[in-house]
Amino acid sequence: MGGAVSAGEDNDELIDNLKEAHYIRSDLVEQAFRAIDRADYYLEEFRDNAYKDLAWRHGNIHLSAPCIYSEVMEALDLQPGLSFLNLGSGTGYLSTMVGLIIGPFGINHGVELHADVIEYAYQKLDTFIKTCDSFDKFEFCEPSFVVGNCLEITPESRQYDRVYCGAGVQKEHENYMKNMLKVGGILVLPLEEKLTKITRTGYNIWETKKIIAVSFAPLAQPKNRDTGKSKAIPLPTLEVRTLQDLSRITIRHTLKQIENFEKVKNYNLIKNAPKFKRRRVHRRCLDSVMLTNKHLFVNRMVPHPMDDNNNCNEVAEYRQEDEEEEEEEEEEEREHCDLKPEPLINLLREKILSLPLPEPLKMYLLYYREK
């Protein structure tokens, strides 16, 4: 499924195309998509196909088409602090984008059928946290994954604000999926060949909206279904954050606020700075004749007949000087454009490194990220 938008040369161009086709419609979703390079979740030998609007599969590893992920992210209506459950979490690409929006006080869980895919997802998550520049621009909710069949989650398990299923759901399992939602929650899933958004507006009240036609592989049925014995899948545990972890979140948040304040202050200084523009004053040599009467004094500038040729020469000189000035200004603009941009500086990292703290504590605040 996919191919709804043109391929991009890089991740940003792909996002531009998704915006132009109105698959991405909100700023939060756009920021999350731009923060994570889709190609980073491909195997190296397949990276050339990463920016096409097509699904990709290699063995058990699978990524949906960008247009599908865009519709899913928009339909989930994510906000900071929400709990999210990803059924069929795969590479963790979607869960990582969700984590950028729901923030450090959200809950970000995933259930994946294949153990090797979860190992792959954790590798990609570790790479994102340790090396991606975008990580320091967000407050992140790190996803946790468990191995198992999402149809074997015990009914009495906790409920979530947002749930997404990445495989085709059979009609017989629709109510099972609905019961994972809190009241006010949103479930997005492929149901009867349509990407569907279901909102739980009351304990037994649901609103359903069909989004777009899709084609997903069906949910894998539990292997022991015929025996009548179900293997209960425990969801990731809810861990209480340590005081040390809460302190790191608070310090990083405070430094980001200071950084944003300084950016706004510097922007206002530049915006309000006085601007000077060179202006040439043109002079013409003219004779002055005073006309008077008893009611009115008038100055009248009358050129001398013998000076006509001189005036023409002066005008030509002024025009030539103006043209030279314009050429100089254009040359300056070209030189300015040709200048190589200065390398981007991670201001949050610089601020943390400048703190009067022991080196191990600084590295903890940086999540042990490589420069």
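Everything numeric in this text was worked out from a predicted model, so none of it was measured. (Residues numbered from 1 in each chain as written. Predicted model: local features only at pLDDT ≥ 70, side-chain atom pairs only at ≥ 80, totals over all residues. Heavy atoms only, no water.)

Here we come to the sheet that holds strand 4 (residues 107-112). Reading across from one edge, 5-4-3-6-7-8-9 is the order of the seven strands in this open sheet, with mixed pairing throughout. Two strands in the sheet have a free side with no partner beyond their single neighbour: strand 5 (144-147) and strand 9 (205-213). This sheet shows a mean twist of 15° between the axes of neighbouring strands, independent of strand direction. Here eight bridges tie strand 8 (residues 194-202) to strand 9, and the two strands are oriented antiparallel to one another. Looking across to strand 9, one finds that glycine 202 is bridged to isoleucine 205. (Pairing = 2+ DSSP bridges. Helix = DSSP H or I, 4+ residues; strand = E, 2+ residues; numbered from the N terminus. Axes fitted to C-alpha atoms, helices over the stretch in contact; angles between N-to-C directions.)

Among the residues of helix 2 (residues 27-35), Val29, Glu30, Ala32, Phe33 and Ala35 are the ones counted as buried. In this structure, the buried side of helix 2 is in contact with helix 1 (11-20), helix 3 (66-76), helix 4 (93-102) and helix 5 (115-131). (Buried < 20%, exposed > 50% of the residue type's maximum accessible area, 1.4 Å probe, protein only. Contact = heavy atoms within 4.5 Å.)

Attention shifts here to the pattern of salt bridges. Going through the model one piece at a time under the given rule, you end up with 14 salt bridges. Between glutamate 174 and lysine 178 there is a salt bridge, with its nearest N and O atoms 3.3 Å apart. Of this pair, glutamate 174 and lysine 178 both sit in helix 6 (residues 174-178), separated by four residues, roughly a single helical turn. On the basis of relative accessible area, glutamate 174 is assigned to the buried category, the value being 9%. Taking relative accessible area as the criterion, lysine 178 reaches 10% and is therefore assigned buried. Salt-bridge contacts for aspartate 245 lead to arginine 248; the nearest nitrogen and oxygen are separated by 3.4 Å. One end of the pair is aspartate 245 and the other is arginine 248, both in helix 7 (residues 243-271) and three residues apart, which spans about a single turn. Considered together, aspartate 245 and arginine 248 belong to a single accessibility category, that of buried residues. (Salt bridge = Lys/Arg side-chain N within 4 Å of Asp/Glu carboxyl O.)

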